[in-house]
Amino acid sequence: MNAAPADQIRLLDVQDLDVRMQQLAHKRKSLPEHAEIESLTKDQTQLRDLLVAAQTEESDCAREQTKAEQDVDQVRQRAARDQQRLDSGAVTSPKDLENLQREIVSLAKRQGDLEDVVLEVMERRESAQERVAELTERVGSVQGKVDDAIARRDAAFEQIDAEVATVTKEREVVAAAVPADLLKLYEKLREQQGGVGAAKLYQRTCQGCRQELAITELNEIRSAAPDTVVRCENCRRILVRTAESGL
């Protein structure tokens, strides 16, 4: 394949722009905010799980407290009815009076026991409510950090994407001036060779594979016409000759 030396030099400009595009893609993918957001999101998920557990505990305690308070109220009402019967004088039998008084005493003890249960449940519920409040605050704090990291990431995206757009336009202009067959070969090699399809021959060394060329290969390149498109024997990339090639 033949191409004017100027077109071959221009191919290096295309390569430089493609390398810049790769660098920008890598930069976009490896922003520190990605790891930060991932770590914060993981922490937030764990905190939310703990929050759900605390909310469930508080809800269970609320139901338990309601049940215990209803039990206390039932015992209190029954004791009030018995006391009313006792005070009314309607019960005259000594045995019935004794049984009624015994039941009132028993109900008082039962009420006291149930009220202790209510207090114990209230303490557990209060502890759960404090835990819910604490975890809610921590989840909110982490969410604030996530939002900040996302904002910084998006700002970096915007800056990188703007540069990508600029480089893309510049590449379109430069690539349009390269002969189609040369550009096609370059694109094929670039895909095969990890993004580098053309390299400068600098001081007898291929800048693509960083290997110094053998003397026989250098002699062949020296004898080649200026418009001959030469390839590196080691990596098969297009070798572009310049005044710094050391030929």
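Scroll up a little and you will see the structure.
Predicted model, so just to flag it, every value in this text is computed and none were measured.

Looking now at the packing of aromatic side chains. What the rule picks out here adds up to zero aromatic pairs. Directly above the ring of Phe157 sits Arg28, whose terminal nitrogen or CZ lies 3.7 Å from the centroid.

What follows deals with the sheet that holds strand β3 (residues 230-231). In space, the four strands of this open sheet follow the order β2-β1-β4-β3, with mixed pairing throughout. The open sheet terminates on both sides in strands that have one partner only, identified here as β2 (205-206) and β3. Relative to strand β4 (residues 238-241), strand β1 (residues 198-202) is paired through four bridges, and the arrangement is parallel. In the sheet register, Ala199 faces β4, and the bridge partner there is Leu239.

Applying the stated criterion to the full structure yields 24 salt bridges. Across the salt bridge formed by Arg152 and Glu33, the nearest N and O atoms sit 3.3 Å from each other. Residue Arg152 is located in helix α3 (residues 94-176), and its partner Glu33 is located in helix α2 (residues 32-88); the two are separated by 119 residues in the primary sequence. One salt bridge connects Arg102 with Glu98, and the closest N-O pair in it is separated by 2.7 Å. Of the two residues, Arg102 and Glu98 both sit in helix α3, four residues apart, roughly one turn of that helix. Members of the salt-bridge network, linked through shared partners, are Asp18, Arg171, Glu187 and Arg190.

Turning next to helix α4 (residues 180-192). In a regular helix each residue adds 1.5 Å, so 13 residues correspond to 18 Å; α4 covers 18 Å between its end C-alpha atoms and thus fits that length. Lining the buried residues of α4 we find α1 (5-29), α3, β1, β3 and β4. Positioned one or two residues after α4, Gly194 has a phi angle of 65°, which is positive.

Along the chain, Asp116 falls in helix α3. By relative accessible area, which is 47% here, Asp116 ends up partly exposed. Distance from Asp116 to Ala68, taken between C-alpha atoms, is 9.6 Å for residues 48 residues apart in sequence.

In this section: the packing of α1 against α3. Their axes nearest at 10 Å, the elements α1 and α3 cross at an angle of 165°. By the angle between their directions, the pair α1 and α3 is classed as roughly antiparallel. In the packing of α1 onto α3, the handedness of the crossing is left-handed. Residues Arg10, Asp13, Val14, Leu17, Asp18, Arg20, Met21, Leu24, Lys27 and Arg28 of α1 touch α3, and the partners they reach there are Phe157, Ile160, Asp161, Glu163, Val164, Val167, Thr168, Glu170, Arg171, Val174 and Ala175. Split by residue class, the contact of α1 with α3 holds ten nonpolar, one polar and ten charged.

In this section: the nonpolar core. If you look at the biggest cluster of nonpolar residues, it comprises 23 residues, and the most contacted ones within it are Leu11, Val14, Val178, Leu182, Leu183, Tyr186 and Ile238. Elements represented by at least two residues in this core include exactly α1, α3, α4 and β4. Here this core takes six residues from α3, the largest share from any one element. Listed in part, the ten residues of the second largest apolar core include Ala199, Leu213, Val230 and Leu239.

How each quantity is defined
- Residues numbered from 1 in each chain as written.
- Predicted model: local features only at pLDDT ≥ 70, side-chain atom pairs only at ≥ 80, totals over all residues.
- Heavy atoms only, no water.
- Phe/Tyr/Trp six-rings, centres within 6.5 Å; stacked < 30°, edge-to-face > 60°.
- Lys NZ or Arg CZ within 6 Å of the ring centre and 35° of its normal.
- Pairing = 2+ DSSP bridges.
- Helix = DSSP H or I, 4+ residues; strand = E, 2+ residues; numbered from the N terminus.
- Salt bridge = Lys/Arg side-chain N within 4 Å of Asp/Glu carboxyl O.
- Expected span 1.5 Å × (residues − 1).
- Contact = heavy atoms within 4.5 Å.
- Buried < 20%, exposed > 50% of the residue type's maximum accessible area, 1.4 Å probe, protein only.
- Axes fitted to C-alpha atoms, helices over the stretch in contact; angles between N-to-C directions.
- Parallel < 35°, antiparallel > 145°, perpendicular 65-115°, else oblique.
- Left-handed = near helix turned anticlockwise from the far one by under 90°.
- Nonpolar A, V, L, I, M, F, W, Y, C, P; charged D, E, K, R; others polar.
- Core = buried A, V, L, I, M, F, W, Y, C linked by side-chain atoms within 4.5 Å.

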